[in-house]
Amino acid sequence: MATKFDAIVVGAGPSGNAAAYTLAKSGRKVLQIERGEYPGSKNVQGAILYSDALEKIIPDFREDAPLERHVIEQRLWVLDDESFIGSHYRSDGFNKPPYNRYTIIRAQFDKWFSQKVQDAGALLICETTVSDLLMDGDRVVGVQTDRLGGSVYADVVILADGVNSILARKAGFRPELRPGDVALAVKEIHFLPQEVLESRFNISGDAGVVIEMIGKITKGMMGTGFLYTNKESLTIGVGCLLSDFKKQKCSPNQLLEDMKAHPSIKPLMEGGEMKEYAAHLIPEGGYNAIPKIYGDGWLVVGDAGMFVNAVHREGSNLAMTSGRMAAETVVELTAAQKPFIAKNLALYRDKLDASFVMKDLKKYRNLPEIFHRNPHFLTTYPELLNKAAHTMLTVDGVDKKTKEKQIRNSFKQKRSLFGLMGDAYKMWRAFE
Ligand SMILES: Cc1cc2nc3c(=O)[nH]c(=O)nc-3n(C[C@H](O)[C@H](O)[C@H](O)COP(=O)(O)OP(=O)(O)OC[C@H]3O[C@@H](n4cnc5c(N)ncnc54)[C@H](O)[C@@H]3O)c2cc1C
């Protein structure tokens, strides 16, 4: 007789691990299937870990999780070709436990999380790809793997298979990915002696700095760049919408090379030894791109459900939260002896709607389209703001009132009064 589980979780990234851990902890018989050689081997992230989401799953995670640095300073840089204008927020409040955010290396973190899942009692099988969902009419009853005789059955299947979610597409649960709904991101890890890194970023102990970047580094494409401090390395990366890469005919590698050569970034990287390069898609279509996330016998979590808040660069926390909530739904329905049909699994959507996951995605639902239609937000304004700062900070005998007039004129020349007012309204709509 074929083996049957209470639940099968496809994928061992943050969403799959959160789901499998929560289910196993509650005594469910769980099978988790991962196509990579080990959990984390195929995964890419910046990476910032947001404590709150993990704390709700493993409250004492800080005891043994592989954490790099806790973040005490956040910088936001708006760059033109030769300078940046920015804001820094640094707080000693962030330098006291319990720390709110950490930099991590995903390969190590996923391995650690997966060990917790296995310790909780789930069975993990790696180097195995789920190739299809097994159906009984409209109901998912198991999965087909690429192993010989690899059909496995379960009461419910949780799809945590990441942004591509080929399984959901194959089963017709969601449409093809649109190039305007996903960003292609590339990142590198550069090793530096710890003391050099710490003096360069004015940090010590395990404290770290995060720099988020927008502006001309993305050459008018909708996207962002980032630079994070790890213990003995820096992670640098940039990502833009796939549709923009296609239009601009610009390669992600070239974009990253140009970014590293920027005069404000280059000195931070100086002397570093590049050890790792990775590229990955990020679902950035926001609320309007969320597909159907539950049905008879199935639930979708994490990137597969498009749960990424691109504005705040949050993904792993939405992944873990959706994974936990999917598992809690299964546990609650089991306790109430209700079958895993769509009507009952709708509880998962209710949980997400009531959480920061859907509330935040809903808040920014207009943003992707507004930025996509108005690329000058990422080119013209960064240039104008940097020039304005340059004008005001150059002491050259010109009085400040005249300088202010020059700045006002430069804005009007590029965007007109009507254009400026329209842009202000669009920004308000995007962030309202
Ligand atoms: C460059 C970059 C930087 C990022 N930075 C941040 C950041 O700083 N902070 C943050 O919170 N988020 C960040 N994100 C987003 C974050 O990485 C994702 O939101 C998160 O990894 C989603 O988790 P997941 O478990 O849903 O998917 P994934 O992490 O993609 O995991 C999916 C897993 O499923 C497996 N899989 C797929 N298909 C199958 C199959 N058919 N059979 C078996 N296994 C399968 C894969 O091998 C993989 O292990 C970043 C993303 C990128 C690309």
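Residues numbered from 1 in each chain as written. Predicted model: local features only at pLDDT ≥ 70, side-chain atom pairs only at ≥ 80, totals over all residues. Heavy atoms only, no water.

*Asks:* Sorry, what's going on with the pattern of salt bridges here?
*Replies:* Side chains bearing opposite charge may pair, as long as their charged atoms lie close to each other. Within the structure shown, the criterion is met by 28 salt bridges. Close ionic contact of R169 with E176 constitutes a salt bridge, the shortest N to O distance being 3.0 Å. The network of salt bridges with common partners includes D81, K216, E383 and K414. (Salt bridge = Lys/Arg side-chain N within 4 Å of Asp/Glu carboxyl O.)

*Asks:* Would you take a moment to explain the site of the ligand for this structure?
*Replies:* Every one of the 36 residues lining the ligand counts as a neighbour, but E34, I48, R106, D303 and S316 are closest to it. Backbone polar atom of P14 to an oxygen atom of the ligand: 3.2 Å apart, as the coordinates give it. Taking G315, its main chain carries an N or O atom lying 3.0 Å from an oxygen atom of the ligand. Within the complex, 96% of the 1,000 Å² of free accessible area of the ligand lies under protein. Of all elements in the fold, only helix 1 (14-25), strand 3 (48-50), strand 15 (273-283) and helix 9 (316-335) reach the threshold of two or more residues within the shell around the ligand. Classifying every residue of the shell around the ligand by side-chain character gives 15 nonpolar, 13 polar and eight charged. (Near = heavy atom within 4 Å. Polar contact = N/O pair within 3.5 Å; in protein donor to acceptor, adjacent residues only side chain to side chain. Areas by Shrake-Rupley, 256 points an atom, 1.4 Å probe, with all protein chains shown as cover. Helix = DSSP H or I, 4+ residues; strand = E, 2+ residues; numbered from the N terminus. Nonpolar A, V, L, I, M, F, W, Y, C, P; charged D, E, K, R; others polar.)

*Asks:* Teacher, can you tell me more about unusual backbone geometry here?
*Replies:* With the exception of glycine, the majority of residues adopt a negative phi angle, and the majority of peptide bonds are in the trans configuration. Of note, the amide linkage connecting P97 to P98 takes the cis form, showing an omega dihedral of 0°. Considering the arrangement of structural elements, one finds P98 in the loop between strand 5 (84-90) and strand 6 (101-103). Despite not being glycine, N202 shows a phi value in the positive range, around 55°. Relative to the assigned elements, N202 resides in the loop between helix 5 (194-201) and strand 12 (207-215). In this model, Q337 sits at a positive phi of 55°, which is unusual for a non-glycine residue. Within the fold, Q337 resides in the loop between helix 9 and helix 10 (342-353).

*Asks:* What exactly am I supposed to notice about the state of the cysteines here?
*Replies:* Note: disulfide means a covalent bond formed between the sulfur atoms of two cysteine side chains. Within the structure shown, the criterion is met by zero disulfides. C240 takes part in no disulfide bond, and the closest cysteine sulfur to it belongs to C250, at a distance of 7.5 Å. (Disulfide = S-S within 2.5 Å.)

*Asks:* Any chance you could explain the domain arrangement of the protein here in plain terms?
*Replies:* How large an interface is tends to be reported as the accessible area lost when its parts come together. In terms of domain boundaries, the protein breaks down into domain 1 (4-67 + 104-175 + 291-354), domain 2 (180-283) and domain 3 (368-431). Facing 12 residues of domain 2, the contacting portion of domain 3 comprises eight residues. A combined buried area of about 740 Å² lies between domain 2 and domain 3, and 69% of that area is made up of carbon and sulfur atoms. At the boundary of domain 2 and domain 3, one finds one salt bridge. Looking at the side of domain 2 that touches domain 3, the elements with two or more residues in it are strand 12 and helix 6 (242-248). Of the residues forming the side of domain 2 that touches domain 3, the biggest block, three residues, is contributed by helix 6. Looking at side-chain class alone, the side of domain 2 that touches domain 3 contains four nonpolar, four polar and four charged residues. (Domains from an automatic or database assignment. Contact = heavy atoms within 4.5 Å. Buried area = accessible area lost by both parts, 1.4 Å probe.)

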